[in-house]
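Below, each chain spelled out in residue letters.
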Amino acid sequence: MVPPHDPDGIAQALADPSRRSILEALRLGRKSVTELCELTGLKQPNLSNHLAKMRAQNVVRAERAGRFMYYTLEAPFAEVLLRMHAVATLGARFRLTDDGGIVDGPVRSGITHNDTAQLASQLLGYLLKSDEVSCSFLLNHMLAANFGMAKIYLEVFQPALRSIGDLYERGEVDEAHEHVASAIVERMMARVAEICLPTTEQNCHAVLGCVAGNLHSVGIRMLADWLHSDGWKVTFVGADVPTASFVGLVALEAPDLVVVSISLENQLEELGSLLRGLRILRDEGQFFKTALGGHFKVAPFLELRHDEFVAGDLDDFSEQVEKLSCGKGD
Ligand code: B12
């Protein structure tokens, strides 16, 4: 009997250009045989032959709807492997032009520059058009050019999102576009985090979340991804965390570091309550530091204790984290 998600099946499919083109087409979603013929350029008997083999190996799944048979990618890891393959062979089919377009072409490396300011402005253009496919090609380019996580996050994603904020302030972009842009960037970040895996283990644990009322989760997600890639154990709680349950989670998980993001002045009161709750845990014997940051600069409003610190962006945060020692309570 064929085991579920036969790894040899997906390896064989990746090694075969025809099967790979079928899988690439299926990444776009469920497809009929006719659609697959059009997308791959394969003749139907040849296509059906490949589909039958990949079906037997549980690489693809078939389901009938009315008169038609539809195919989908079966193994979740097929998607991950395909992405890695796409990065490795980037540009074989598509290339991005410097002015932001995508053209078909046999050029291996599409973008002819690695200037992050220019890449950020290209990304901004795609985000404003809700063009996730072009965003994805842009990310492929950066991964193929071996940009690290910090460079992609700080020099490309962050400035593009901040430009969206400037446009919002001038009334040129609305909340819906802000939502679309941050959702696309979050999905791109998930791809980066999947590739930038930790190479060491730090024996350090961080809990990260936004203070109650703060919906801006992208920035703190960047910190979480960076900590994870640096070997930390990470508990990411996300946006708008109710204060009592934030404190409850910290009590339960006993981390070395608690990271809190705040974006607007009206969240200061909740931040005050959260800090009080965390200080009680410390007074009761838990050892951890608290880092504060985000769009709203808390420094003039809160008096911080020796075990609490404020940082700016990811660069500043990572510098301060490098100096921490875990598990010692100092
Ligand atoms: C996307 C976005 C949203 C999205 C957020 C979705 C999501 N899933 O995150 C949505 C649509 C929900 C939103 C809502 C609002 N937003 Co908004 N938003 C933005 C935008 C465009 C991008 C935010 C972002 O992701 N930036 C990129 C990340 C990487 O940068 P970052 O968040 O600054 O994070 C970095 C550092 O701050 C730091 N950091 C972050 N957290 C922490 C924590 C610690 C401990 C440390 C050390 C560091 C740290 O490290 C990060 C990485 O370097 C900004 C514009 C901007 N200038 O950033 C406005 C912006 C933050 N929003 C703003 C406003 C006013 C709002 C709204 C009130 C109205 C609106 N625009 O819809 C609501 C309020 C929501 C709420 N209650 O929190 C203002 C805030 C102004 C202010 N501080 O007074 C901004 C600056 C836009 C503007 N110019 O007017 N927003």
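Refer to the structure above for everything that follows.
Bear in mind that the values here come from a model prediction, so they are computed numbers and not experimental data.

J.: Report on the packing of aromatic side chains, specifying residues and quantitative values.
T.: Inspection of every chain in the model, using the stated rule, returns 3 aromatic pairs. Centre to centre, the rings of Tyr153 and Phe157 are 5.8 Å apart; their planes meet at 25°, and the pair counts as stacked. Taken as a pair, Tyr153 and Phe157 lie in helix H8 (residues 149–169) at a separation of 4 residues, close to a single helical turn. Of the two residues examined, Tyr153 and Phe157, each falls in the buried class. Ring geometry for Phe296 against Phe301: centres 5.2 Å apart, planes inclined by 35°, an arrangement best described as tilted.

J.: Can you explain the coordination of the cobalt atom of the ligand? Please cite residues and give values.
T.: Donor atoms from the protein around the cobalt atom of the ligand number only one, His216 (NE2), found at 2.3 Å. Among the structural elements, His216 can be located in the loop between strand S6 (205–211) and helix H10 (218–229).

J.: Which residues make up the pattern of salt bridges, and what values do they have?
T.: All told, the structure shown has 8 salt bridges when counted by the stated rule. Across the salt bridge formed by Glu308 and Arg279, the nearest N and O atoms sit 2.8 Å from each other. Taken as a pair, Glu308 in strand S10 (residues 308–310) and Arg279 in helix H12 (residues 268–283) lie far apart in primary sequence, 29 residues in all. Since its relative accessible area comes to 5%, Glu308 is described here as buried. Note that Arg305 and Asp283 form a salt bridge whose closest N and O atoms lie 3.7 Å from each other. Residue Arg305 is located in the loop between strand S9 (289–293) and S10, and its partner Asp283 is located in helix H12; the two are separated by 22 residues in the primary sequence.

J.: Please provide a residue-by-residue account of the sheet that holds S9, values included.
T.: Pairing is parallel across the open sheet formed by 5 strands, whose spatial order is S7-S6-S8-S9-S10. Edge positions in the sheet fall to strand S7 (233–241) and S10, since each of these pairs with one other strand and no more. Strand-to-strand twist of the sheet, defined as the mean angle between neighbouring strand axes without regard to direction, takes the value 20°. Relative to S9, strand S8 (residues 257–261) is paired through 5 bridges, and the arrangement is parallel. Pairing of Leu257 across the sheet is with Lys289, part of S9. The strands touched by H10 within the sheet are S6, S7 and S8, with S6 carrying the most contacts at an inclination of about 175°. Where H12 meets the sheet, its contacts fall on S6, S8, S9 and S10, and the angle it forms with S9 comes to roughly 165°.

J.: I'd like a description of helix H6 (residues 116–128), backed by residues and values.
T.: Taking 1.5 Å of rise per residue, 13 residues should cover 18 Å, and H6 covers 18 Å from first to last C-alpha, within 8% of that figure. Positioned one or two residues after H6, Ser130 has a phi angle of 55°, which is positive.

J.: Residue-level account of a negative patch on the surface, with values.
T.: Together, Glu155, Asp315, Glu319 and Glu322 make up a negatively charged patch on the protein surface. Of all the elements, helix H13 (residues 314–322) adds the most residues to the negative patch, at 3 residues. You can call Glu322 exposed: its relative accessible area is 53%.

Conventions we followed
Residues numbered from 1 in each chain as written. Predicted model: local features only at pLDDT ≥ 70, side-chain atom pairs only at ≥ 80, totals over all residues. Heavy atoms only, no water. Phe/Tyr/Trp six-rings, centres within 6.5 Å; stacked < 30°, edge-to-face > 60°. Helix = DSSP H or I, 4+ residues; strand = E, 2+ residues; numbered from the N terminus. Buried < 20%, exposed > 50% of the residue type's maximum accessible area, 1.4 Å probe, protein only. Donors = N, O, S within 2.8 Å, 3.2 Å for Na, K, Ca; no water. Salt bridge = Lys/Arg side-chain N within 4 Å of Asp/Glu carboxyl O. Pairing = 2+ DSSP bridges. Axes fitted to C-alpha atoms, helices over the stretch in contact; angles between N-to-C directions. Contact = heavy atoms within 4.5 Å. Expected span 1.5 Å × (residues − 1). Patch = residues over 30% accessible without salt bridge, like charges linked within 9 Å, V, L, I, M, F, W, Y side chains within 5 Å. Areas by Shrake-Rupley, 256 points an atom, 1.4 Å probe, with all protein chains shown as cover. Lys, Arg positive; Asp, Glu negative; His and termini not counted. Charge placed at Lys NZ, Arg CZ, Asp CG, Glu CD.

By themselves these figures say nothing about function.
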